[in-house]
Amino acid sequence: MNFEGLDPSSLAEYASPLHPALEPVLDPHLPATLLQNVELDPDGVALDGMAVPESVHIMEGVYSELHTAVSEGHATSFFGPTLERYSSFQVHGSDDVRHIQSLENGILFLTKTNLKYMSRGGLIIFDYLMDESEDMHSLLLTDPSTLLVGGLQNHVIEIDLNTVQETQKYTVEVPGVTIMRQSNRFFFCGHTSGKVSVRDPRTFTVEHELDAYSGSLSDFDVHGNLLAACGFSSRRAGLACDRFLKVYDLRVMRAITPLQVHVDPAFLRFVPTYTSRLAIISQTGQGQFCEPTGLANPADIFHVTTVGQLLMTFDVSGTKQALAFGDSEGCVHLWADSPEATFNAFSRETDFALPCIVDSLPHLDWGQDLVPLSLIPVPLTSETLLSDWPAANSVPAPRRAPPVDPEILRTMKKVGFIGYAPNPRTKLRNQIPYRLKELDNEFDSFSQVPESPIGREEEPHLYMVAKKYRKVTIKYSKLGLEDFDFKHYNKTLFAGLEPHIPNAYCNCMIQVLYFLEPVRCLVQNHLCQKEFCLGCELGFLFHMLDLSRGDPCQGSNFLRAFRTIPEASALGLILADSDEATGKVNLGRLIQSWNRFILTQLHQETQEQEGPQAYRGAGGSSFASAGESVIGQLFSCEMENCSMCRCGKETVRVSSTLLFTLSYPDSTEKPIKDYEFVQILKRSICLEQSTQAWCENCEKYQPTVQTRNIRCLPDVLVINCEVNSSKEADFWKVQAEFAFQKALMKRGLEVPKGKDLALGDWKELGSAEPGQPYPSMEELKNVWIPHAIRMRLTKNKELDVCNWSESDEPSVSDDPDSVHVYDLMATVVHILDSRTGGSLVGHIKVGETYHQRKEGVTHQQWYLFNDFLIEPVDKWEAVQFDMSWKVPAVLYYARRNLNAKYNLTIKNPIEASVLLAEASLARKQRKCHATFIPLMLSEMPQAGDLVGLDAEFVTLNEEEAELRSDGTKSTIKPSQMSVARITCVRGQGPNEGVPFIDDYISTQEQVVDYLTQYSGIKPGDLDAKISSKHLTTLKSTYLKLRFLIDVGVKFVGHGLQKDFRVINLMVPKDQVIDTVYLFHIPRKRMISLRFLAWYFLDLKIQAETHDSIEDARTALQLYRKYLALSQGSAEPDEVRKVLKGLYEKGRKMDWKVPEPDGPGSPKHASVYPPVLAL
């Protein structure tokens, strides 16, 4: 038995007839002065017994409950001092419970061969079975996760409660251990032989043995430095109860004077209140209190009235306010010093079962359609119910099963006639909602965009963010991106950007800059010798966007250069993968900082176009000289900053800015005033503020009034909205409501205050009629910013800003230098989505020149750009900002007829000189190590020339994948590859097959895997300090390939799609000849270059590692072979017959090339001479 620690609460929720409370009854056997030294009430209240079957063991825990266990393996718990029943459950089918121990989350029960951990309600947490030969009697909790179990065998077992495994087995003397106690210094084991062994708590070795009784040990207890024991002595007739208690001083491990008591001691416990008093109980119900070091007083004897003949167990509560006894008839007797005694001083709250609600059913209005009729209690009856229609009037019609989720069908893998698919989690577990027909398509107005793989936990109509605005992700299969349907997300001919690259959060801003025609032309005309130049890389990316016909591009090279810019890292613009995945970054604030950074960086890099010297230093020229670059002409605005001290000293400073940040009124204004957007814009441009500044006249810091005015108007007005907190968001929301009310008043309509209207109500208020200039009501909601504004500088250089109509032109008398009309060109918004961490999308007004190039039509249209999702939208959607999920970040206003002011011709800056010989970055590279011969001027390629190409790669980041339920692998994030070697060989002429480019690409990023077996790249090959290869920068080799593409050569290779993707090149399809598709039958597997070379050319390549020169040459030979097969045969199906034979041979060979016959085999002979021989 045990009494250590359980949770106070009340049973008020239970109906009183089910759980009657026991009234306290005075015990006639209790003297008034019996327990005066044990803090008991002078009246001596005994809380009477409650009957339970058979004899019991008693325990108390960390809650205000009393737990009992009976001999048949049943456990019952009682709550509070009134012993109200809490729970009752079966612990073991036949064995009796020998020890009970309370833990934080449940109760440990020990039987003969079993340790069971159960919750207080009776649920099994774990069940630990021991060997059948075991006979366990006692357990001891040494710490919260470690338990010692002992019994009548020669060992004690240590069990880890976290893993539920045996960790140690300590040997003890026969016949074993029946009682275990512990103190701060020792473990104590009581044996049936009458001995008590004192053991080390760390090693469990015996430190001392106390030979207490000659017969057997009945009970013992430890408190402080004292150990008291009771037991039996050997007599002639057998064992007799010894009335002398053995007391030991643990400081010297010696017995002190035995304590003679007046009852036959069977149980004893220390009851330490003011003193270390002992409670000694006999099996007949007599008890006595005495001091362990004094004399027993006969007056301290009391008697417990038992139902059975004998007391079987006894324990004391943790608060020492209550004593509990269990007798042989299965009754529990609780003695306490007061009726409100507590079992535990720091008990926890007890969890009770929910009360029965039958007696307190709420009123049901069954006239409402949404009230479930199952809530109405129906009595049991033997009569026929009204709803039981006769068979003649009813036909069984089972409900038709709903259609299978298309997402399940799309991802399903079939094995035989069984299909396996991952659970898309679009429905609740074990529940299928049935909707009425008219409600099927009511909520989901964006069904044309399939839901992203991320976030399927909620029903569509419960999700605030529209599907087209949610974060889109790419689903990768075993074929990578080849079978992903990008056309489903983008039905236009404009190119999206892929989002899986690190720091791709800026994709929407890249699109905004691309659709500014002067910026697009400027960066494509820009080229410098700086290795990491954002202007050059942006020009390369814009060239890819120009060439694409709806296929997505990726800005991997641009973002690689972006990561090397020190200023970007200092501004916190470079994110770790974990930051993007967890959504801890404020993307709205981040994209505004990125916007300021990219404009400044492009301005600095394009200030001087002549000579490469201007690009070797980041800050080579003053920012104030804005007119020297096209970026400065487009975005720069000259500012006049005036500081006025209160002494009258005025300081004027001239500077330039590329963008403006909105400044909002003081948020303490109540109520918030009605402002137009142009008022806030003027306030932000002509900013006036008071601050402490140094005054040279006063020679100290003084309160200074600083005012800012502009001297000229920019061609492109860039605005950072600075909505970074709830205060700014509330301001936008209130101003949008004011604007909505004014729009209704303009129409002669009025909306009742305090009434939220549904979507159908807006439509009833009015919609756009033919010839009516007003938009519909729903289009006006959440709109504050105008589509067009007019800015004018007066002769006194004062700024005037007002709203303007898109259809109105400026007055002819207006000075074009001082009056500008701006049209909204782009808005970048932050999508707040707790499920995906949020994202950034852009609304962009695509101009006529872009539609003319892509689609051959002349018109303007607003589009939503969400990475690779592109969709036309209404112009009002671009300015609607629901601040609960769609927060504005950046606004771009472009001057009307902007393109007419700038030269928009693009002159390709890449010249043929890039193909000529260049120095290697490697220090150890010598001429004798050359693996290629550069092109001569007479060999410059022409349109239609063949060039064999192959590239090798290294891995920068490993892929992230997960296993599906059917065992297949699903790629979450692909590995990030970097090009390490690019080889181009001549495809015709006398030197056919001789390389003219064989560049190893230097990288500053950490390489995770060199993939030497497949790439042939070894550690050190890409290091300029120790490499012996021809090492160049990625930009240098990229320019060579770009020149070849622009000339119009045809690239021949094997698997070129992946090569161009990693190099980040967009090559027109008519310039790519890929042998992987030439020798391929549709819906069959792709064949490796090694097997094709063995089958068609009788060559064995890639024996140990791959070599890009060898692979490029082999691809050229295979193309020649294909031409010979297709042009030389008279039968049209000859090529198909050859391919069928190829696949049959491959299946027989298991697509493996046989081992080489020997070094003299003709299969090793090279068609081309080695480069060094030339």
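Residues numbered from 1 in each chain as written. Predicted model: local features only at pLDDT ≥ 70, side-chain atom pairs only at ≥ 80, totals over all residues. Heavy atoms only, no water.

## Remarks on the overall build of the chain
Counting its regular elements, the chain contains 21 helices and 54 strands. Burial statistics for the chain: of 1174 residues in total, 48% are counted as buried. Element-wise, carbon and sulfur atoms account for 52% of the exposed surface of the chain, whose accessible area totals about 59,000 Å². (Helix = DSSP H or I, 4+ residues; strand = E, 2+ residues; numbered from the N terminus. Buried < 20%, exposed > 50% of the residue type's maximum accessible area, 1.4 Å probe, protein only. Areas by Shrake-Rupley, 256 points an atom, 1.4 Å probe, with all protein chains shown as cover.)

## A short note on the packing of helix α4 (residues 534-547) against helix α5 (residues 556-563)
One way to put it is that α4 packs onto α5 with a least axis distance of 8 Å and a crossing angle of 170 degrees. When the interaxial angle is binned, α4 and α5 end up roughly antiparallel. Crossing angle aside, the handedness with which α4 passes α5 is left-handed. Mapping the contact onto sequence places L534, E537, L538 and L541 in α4 and N557, F558, A561 and F562 in α5. Broken down by class, the residue content of the contact of α4 with α5 amounts to six nonpolar, one polar and one charged. (Axes fitted to C-alpha atoms, helices over the stretch in contact; angles between N-to-C directions. Parallel < 35°, antiparallel > 145°, perpendicular 65-115°, else oblique. Left-handed = near helix turned anticlockwise from the far one by under 90°. Contact = heavy atoms within 4.5 Å. Nonpolar A, V, L, I, M, F, W, Y, C, P; charged D, E, K, R; others polar.)

## A short note on the pairing of strand β51 (residues 995-1001)
Among the seven residues of β51, seven are classified as buried, and the element is accordingly described as predominantly covered. Where strand β50 (residues 976-986) and β51 come together, five bridges link them in antiparallel fashion. Across the sheet, T983 pairs through a bridge with D998, a residue of β51. For β51 and strand β52 (residues 1031-1032), the ladder comprises two bridges, and the chain directions are parallel. Within β52, the residue paired with I1001 across the bridge is T1032. (Pairing = 2+ DSSP bridges.)

## Some thoughts on the sheet that holds strand β13 (residues 155-160)
Pairing within the open sheet is antiparallel, and its four strands lie in the order β11-β12-β13-β14. The outermost strands of the open sheet, each flanked by one partner alone, are β11 (136-143) and β14 (165-171). Ignoring which end each strand starts from, the neighbouring axes of this sheet average 25 degrees apart. Bridge analysis of β11 against strand β12 (residues 146-151) gives six bridges, and the strand direction is antiparallel. The residue of β12 that forms the bridge with L141 is L147.

## Side note on the sheet that holds β52
Taken together, the six strands give an open sheet; going across it, the order is β52-β51-β50-β47-β53-β54, and neighbouring strands pair in mixed fashion. For this open sheet the edge positions go to β52 and β54 (1072-1074), each flanked by a neighbour on one side alone. Direction of pairing for strand β53 (residues 1050-1053) relative to β54: parallel, over a ladder of three bridges. When the sheet's bridge partners are listed, V1052 is paired in β54 with I1073. Across the sheet, helix α16 (residues 1034-1047) lies against β47 (946-957), β50, β51, β52 and β53, angled at about 145 degrees from β51, the strand it touches most.

## Digging into the pairing of strand β46 (residues 886-895)
Most of β46 is tucked away, with ten of its ten residues classed as buried. Pairing analysis gives five bridges linking strand β39 (residues 716-720) to β46, with the strands arranged antiparallel. Bridging from a neighbouring strand, L717 pairs with Y893 of β46. Sheet topology places strand β42 (residues 819-831) next to β46; nine bridges connect them, and they run antiparallel. Residue pairing across strands places A826 opposite Y892, the latter belonging to β46.

## Concerning the packing of aromatic side chains
Taken as a whole and assessed by the stated rule, the structure comprises 38 aromatic pairs. Where Y514 meets F515, the ring centres are 4.9 Å apart and the plane angle is 75 degrees; that geometry is what we call edge-to-face. Owing to a relative accessible area of 3%, Y514 belongs among the buried residues under this scheme. Between F540 and Y1038, the aromatic rings sit 4.9 Å apart at their centres with planes inclined by 35 degrees, giving tilted as the arrangement. On the criterion of sequence distance, the pair formed by F540 in helix α4 and Y1038 in helix α16 is long-range, its members being 498 residues apart. Per residue, the accessibility class of F540 equals that of Y1038, and both read buried. The rings of F494, Y514, F515, F542, Y850, Y863 and F865 are connected pair by pair, giving a single aromatic cluster. A cation over an aromatic ring shows up here: R181 above the ring of F220, its NZ or CZ 5.7 Å from the ring centre. Note that K781 overlies the ring of F740, its terminal NZ or CZ placed 5.3 Å from the centroid. (Phe/Tyr/Trp six-rings, centres within 6.5 Å; stacked < 30°, edge-to-face > 60°. Lys NZ or Arg CZ within 6 Å of the ring centre and 35° of its normal.)

## Comments concerning the confidence of the model for the chain
Per-residue pLDDT for the chain averages 80, and the proportion of residues at 70 or more is 82%. Confidence drops under a pLDDT of 50 for residues 436-462, and excluding neighbours within four residues, the segment shows 43 contacts in the predicted structure. (pLDDT = per-residue confidence, 0-100.)

## Quick look at the side chain of R895
Following the sequence through the fold, R895 ends up in strand β46. Excluding residues that lie within four positions of it along the chain, R895 makes contacts with D715, P816, H820, V821, Y822 and K901.

## Some thoughts on a positive patch on the surface
A surface patch of positive charge is lined by R1083, K1084, R1136, K1140 and R1147. Mapped onto the elements, R1136 comes out in helix α21 (residues 1134-1149). Under the relative-accessibility criterion, R1136 is labelled partly exposed at 44%. (Patch = residues over 30% accessible without salt bridge, like charges linked within 9 Å, V, L, I, M, F, W, Y side chains within 5 Å. Salt bridge = Lys/Arg side-chain N within 4 Å of Asp/Glu carboxyl O. Lys, Arg positive; Asp, Glu negative; His and termini not counted. Charge placed at Lys NZ, Arg CZ, Asp CG, Glu CD.)

## Focus: the UniProt feature "binding site: a divalent metal cation" (unreviewed entry) in the chain
UniProt's feature table lists "binding site: a divalent metal cation" (unreviewed entry) at D950, E952, D1059 and D1111, given in the numbering used throughout. These residues run over 162 residues, yet every pair of their C-alpha atoms falls within 12.9 Å of each other. Mapped onto the elements of the fold, D1059 is located in helix α17 (residues 1056-1063). The class of D1059 is buried, set by a relative accessible area of 5%. Discounting residues that sit within four places of it in the chain, D1059 has contacts with D950, A951, F953 and H1054. Summarising the element assignment, D1111 is placed in helix α20 (residues 1108-1128). Those residues in contact with D1111 that sit more than four places away from it in its chain are D950, E952, L1089, I1101, Q1102 and H1106. (UniProt positions renumbered as here; feature names shortened; annotations may be inferred.)

## Examining the pattern of salt bridges
As enumerated under the stated definition, the model contains 38 salt bridges in all. With its nearest N and O atoms 4.0 Å apart, the salt bridge here joins E1005 to R560. Of this pair, E1005 sits in the loop between β51 and α15 (1012-1015) while R560 is found in helix α5, placing the two residues 445 residues apart along the sequence. The class for E1005 is partly exposed, based on a relative accessible area of 24%. The partner of R1120 in a salt bridge is E992, with the nearest N and O atoms 3.3 Å apart. Placement of the pair is R1120 in helix α20 and E992 in the loop between β50 and β51, with a sequence separation of 128 residues.

## A look at the environment of F186
Here F186 lies in the loop between β15 (179-182) and β16 (187-190). As for F186 and E207, which are separated by 21 residues in sequence, their C-alpha atoms are 8.8 Å apart. Excluding residues within four positions of it along the chain, F186 makes contact with V198, R199, P201, E207 and M253.

## Side note on helix α10 (residues 677-685)
Every buried residue belonging to α10 is among F677, V678, I680, L681, S684 and I685, and all of these are buried. Each buried residue of α10 lies within a common arc of 160 degrees when the element is viewed along its axis, so the set occupies one face. (Arc of directions from axis to C-beta.)

## A word on a nonpolar patch on the surface
On the surface, a nonpolar cluster with roughly 460 Å² of combined accessible area is contributed by V415, F417, I418 and Y420. Within the secondary structure, F417 sits in the loop between β32 (413-415) and β33 (418-420). By relative accessible area, which is 80% here, F417 ends up exposed.

## Focus: the packing of helix α19 (residues 1089-1097) against α20
Closest axis-to-axis distance for the α19/α20 pair is 10 Å, and the angle between their directions is 50 degrees. Taken together, α19 and α20 sit at an angle that is classed as oblique. α20 is crossed by α19, and the crossing has left-handed handedness. Every residue of α20 that contacts α19 at L1089, L1092, A1093, F1096 and L1097 is listed here: D1111, T1114, A1115, Q1117, L1118, K1121 and L1125. For the contact of α19 with α20, the per-class residue count stands at eight nonpolar, two polar and two charged.

## Describing helix α14 (residues 848-855)
Among the residues making up α14, those that are buried are Y850, H851 and K854. In a view along the axis of α14, the buried residues occupy a sector of 95 degrees, so they form one face of it. The inward-facing, buried residues of α14 abut α2 (507-514), α3 (517-525), α4, β43 (839-846) and β44 (861-866). Note on α14: the residue one or two positions beyond its end, G856, has a positive phi of about 75 degrees.

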